[in-house]
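Geometric and topological summary
Here's the letter readout for the chains.
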Amino acid sequence: IAYLAASNATTTMLDIRDCSTNAVVALRANGSQFGPRSHIDPMGLSYFYAIAAAPQVVPNLSWTKVNFATRQYDGADEYDVVSSSYQCQKAPGLYEFSWSIRLNSPTPSTAVGFAIYVENSLDKYVGQSTMLDNAGDAVLSGSIQTYLLVNQVVDLRIYVTNSVTILADQESTSFACKRIA
């Protein structure tokens with residue numbers, strides 16, 4: 001069930017809420033969907049969405065934690081902006097982590113990989129053989145599903161063969177999670 005939460009002459013906001021808890025589960029502004037903003041209690045699902053707050057230099061040849069220091073939504077308060085990590089607090093289950101990372105003009109032939117670390121150990125990785133061969137910025141996105149237990153801590157890491165800079169761009173540098181089963 002949804003209801004109109006706020007409106008003025010320049011912006012129309014629609015909060016979609018769980019009426020039993022009044023928790024915001026999605027937000028729309030002027031027709032743009034800003035997505036899940038909180039957990040949805042009826043199915044026990046958790047969500048967060050975070051973005052990079054500042055550019056980050058990534059050294060070559062090591063798994064480096066990506067910093068997402070601005071939390072856009074996280075109704076269950078499971079994402080920590082200080083450590084750039086998610087702690088599963090509600091329920092064990094299958095979680096999907098997705099990301100979009102904008103790199104500032106990476107060197108041609110740079111290989112890039114992304115990994116989900118659980119409890120500071122490599123859990124799953126993708127794309128280590130991705131080669132960037134064109135000039136200009138590159139936006140790379142992907143997702144990984146993994147099973148988490150309550151209190152396990154997760155972060156996103158990047159591996160590059162040539163040093164790169166991650167741009168702090170709200171449109172294209174983000175990290176999100178949702179419980180899917």
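Right above here is the structure, for reference.
Heads up: these notes are all about the structure in this document. Being a predicted model, the structure only gives us computed values, none of them experimental. (Residues numbered from 1 in each chain as written. Predicted model: local features only at pLDDT ≥ 70, side-chain atom pairs only at ≥ 80, totals over all residues. Heavy atoms only, no water.)

A word on the side chain of Ser174
Looking at where Ser174 falls in the secondary structure, it is placed in strand 17 (residues 174-179). Judged by relative accessible area, Ser174 falls into the buried class, the value being 8%. Beyond its immediate chain neighbours, meaning those up to four positions away, Ser174 contacts Tyr49, Ala50, Ile51, Phe68, Ser98, Trp99 and Ser100. (Helix = DSSP H or I, 4+ residues; strand = E, 2+ residues; numbered from the N terminus. Buried < 20%, exposed > 50% of the residue type's maximum accessible area, 1.4 Å probe, protein only. Contact = heavy atoms within 4.5 Å.)

Regarding the pairing of strand 11 (residues 93-103)
On any regular strand, side chains alternate: one points to one face of the sheet, the next to the other face. A large share of strand 11 lies buried, amounting to eight of its eleven residues. By the bridge criterion, eleven bridges tie strand 11 to strand 14 (residues 138-148) in an arrangement that is antiparallel. Bridge pairing in strand 14 links Arg102 to Val139. Of the strand pairs in this sheet, strand 11 and strand 17 are connected by six bridges, and their pairing is antiparallel. When the bridges of strand 17 are listed, Tyr95 appears paired with Arg179. (Pairing = 2+ DSSP bridges.)

Here's the deal with the pattern of salt bridges
Counted by the stated rule, this structure contains five salt bridges. Of the charged contacts in the structure, one is a salt bridge between Arg71 and Asp77, with a shortest N-O distance of 3.0 Å. Arg71 gets classed as partly exposed once you look at its relative accessible area, which sits at 34%. Looking at Asp77, the relative accessible area reads 48%, which means it is partly exposed. Notably, a salt bridge pairs Asp137 with Arg102, separated by 2.9 Å at the nearest N-O pair. Taken together, the residues span a long stretch of sequence, with Asp137 in the loop between strand 13 (121-132) and strand 14 and Arg102 in strand 11 at a distance of 35 residues. One network of salt bridges, with partners in common, ties together Arg71, Asp74 and Asp77. (Salt bridge = Lys/Arg side-chain N within 4 Å of Asp/Glu carboxyl O.)

Examining the pairing of strand 15 (residues 153-160)
Within strand 15, seven of the eight residues are buried, leaving the element largely enclosed by the surrounding structure. As paired strands, strand 7 (residues 64-65) and strand 15 are joined by two bridges and run antiparallel to one another. Within strand 15, the position partnered with Thr64 by the bridge is Ile158. Bridge count between strand 10 (residues 85-87) and strand 15: two bridges; the pairing is antiparallel. Bridging from a neighbouring strand, Tyr86 pairs with Val154 of strand 15.

Here we look at the environment of Phe48
On the secondary structure map, Phe48 appears in strand 5 (residues 47-51). Judged by its relative accessible area of 2%, Phe48 is buried. Not counting the four nearest positions on each side in its chain, Phe48 is found in contact with Tyr73, Asp74, Tyr79, Tyr86, Phe97, Phe175, Ala176 and Cys177.

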